[in-house]
Amino acid sequence: MSLTFAPPEEWEDEERMGYLFAPFPPDHILSENDDKLCFWRKLILSSSKQLNKVSFTLSEMKARLARKGLTPACLAKVLNHLEATRVVQKFENWSSSPASSWSDWGKQLLLQGVSYAWQQVVGIAEDDQTKYIIVDQIKEVAKSVLCTHYDTVQYETTDNLLNEAEFEALCNTHAASLRYIEISLVQVGKLQISTRHNDKKIYKFARRNSTKKEKEISSTDEGILRLKEVTAKLLQQVSDLTEKSERAMDKCRELVAAKQKSSARRWLRQSKMFSKQVETKEAMLTNLQALLTKIQMAETDALVLEAYQAGIISLKDMTIDIEKVDQTMDELEEVLANSNEAGEALSEGKSFRGFQEQASINEINSTKSVTHCSLSTNTNKVILSDPRKFNTLPYMMWWEGST
């Protein structure tokens, strides 16, 4: 089995490796300057850093350090010493240790540690599957993630709130250590984590220069994060729809040049429908972004809550459901792709400029004729007076069937 890390020079020295792989004598008492202990401690830490790992089991470490089919027979005793000297800690002890700062860890580990002299005497056997945390390394990784996050923060009120995907992206270079990073940051009060109604996590970082433990995540925090998510989703949809509208118009131009009028009409209608979708979503974005700006400018928690509540009241009539919006877009594309109806926008022999003008005239005339008619629903009749209200899939399907 090939090594997954860079070994030390003496790795190829048979005599030296024979000594290092041999077990300690039964009555041997380890000291900090013990040659064999120093070698394995250094290699355990350096190999873990090279592999970007902050945890391991005895079984995993044996497999990692195996040489020519042999594993270090002294490894369990070395590990006992590393735990007693607080270089590593069992996961269950480390994860249950609250701390107000990273410097508190050393004090807590000292209080929690069992007597190393007793371990030496009775020779406690380690469970091969016990998970160990490399204390200094997880502290270093967690600090790195925290610094990376703060470098991206412009508005602490909103930018310190992350969803699960955003937090995973933040920790992408340490994906295997995600759980340990969460625990580490929570322990020192730099992070709060809560579970949302959809079983997804929500993360709230402490303010950059705060010396206090971050408050628990509130319903307002969850609402602000939801606003951020919807805003980001709508921005992406506006971009996608704009691109689709432009592609449809480009296709229309090609078909006009090729004198394929019927097909050109269909592509023109697709472009216009996508454009109307863009207008609707941009109106939603304007309202949402205005609300987020007010929240971002608020200087105290009380003002944040006030801005959020006022904004929610003003938006209560807006229906923004990401899943339904996505479903509607999929259905809209299917309707457009299968539509063979031709508008009244083209006429024989017209230039493309004339074609665009005629399309606009027909569109205006069509709008005027519809604004005064009623659309039957299952329960009542709705009078449509605003053309922008036509920009829904049920209307499009009804209108297609009536032309």
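Residues numbered from 1 in each chain as written. Predicted model: local features only at pLDDT ≥ 70, side-chain atom pairs only at ≥ 80, totals over all residues. Heavy atoms only, no water.

A. Here's a closer look at the sheet that holds strand 5 (residues 191-195). Across the sheet, three strands lie side by side as 4-6-5; this open sheet has antiparallel pairing. Only two strands of the sheet have a single partner each, and these edge strands are strand 4 (161-163) and strand 5. Neighbour-to-neighbour, the strand axes of the sheet open up by a mean angle of 20°, direction not taken into account. Here strand 4 pairs with strand 6 (residues 201-205) via three bridges, running antiparallel. Bridged to L161 within strand 6 is K204. (Pairing = 2+ DSSP bridges. Helix = DSSP H or I, 4+ residues; strand = E, 2+ residues; numbered from the N terminus. Axes fitted to C-alpha atoms, helices over the stretch in contact; angles between N-to-C directions.)

B. Main features of the confidence of the model for the protein. Mean pLDDT over the protein stands at 76; residues scoring 70 or higher make up 68%. Contacts from residues 105-125, a stretch scored under 50 in pLDDT, to residues over four places away or in other chains number 33 contacts. (pLDDT = per-residue confidence, 0-100. Contact = heavy atoms within 4.5 Å.)

C. Structural context of the packing of helix 8 (residues 135-152) against helix 11 (residues 178-187). Running from N to C, helix 8 and helix 11 point in directions that differ by 80°, and their axes come no closer than 9 Å. Here helix 8 lies roughly perpendicular to helix 11, going by the angle between them. Across the interface between the two elements, I138, V141, A142, V145 and L146 of helix 8 pack against Y180, I181, S184 and L185 of helix 11. The residue makeup of the contact of helix 8 with helix 11, split by class, is eight nonpolar, one polar and no charged. (Parallel < 35°, antiparallel > 145°, perpendicular 65-115°, else oblique. Nonpolar A, V, L, I, M, F, W, Y, C, P; charged D, E, K, R; others polar.)

D. Structural detail: the environment of R266. In this structure, R266 sits in helix 13 (residues 261-297). Its relative accessible area of 19% is what places R266 among the buried residues. For the pair R266 and A248, spaced 18 residues apart in the sequence, the C-alpha separation amounts to 9.2 Å. (Buried < 20%, exposed > 50% of the residue type's maximum accessible area, 1.4 Å probe, protein only.)

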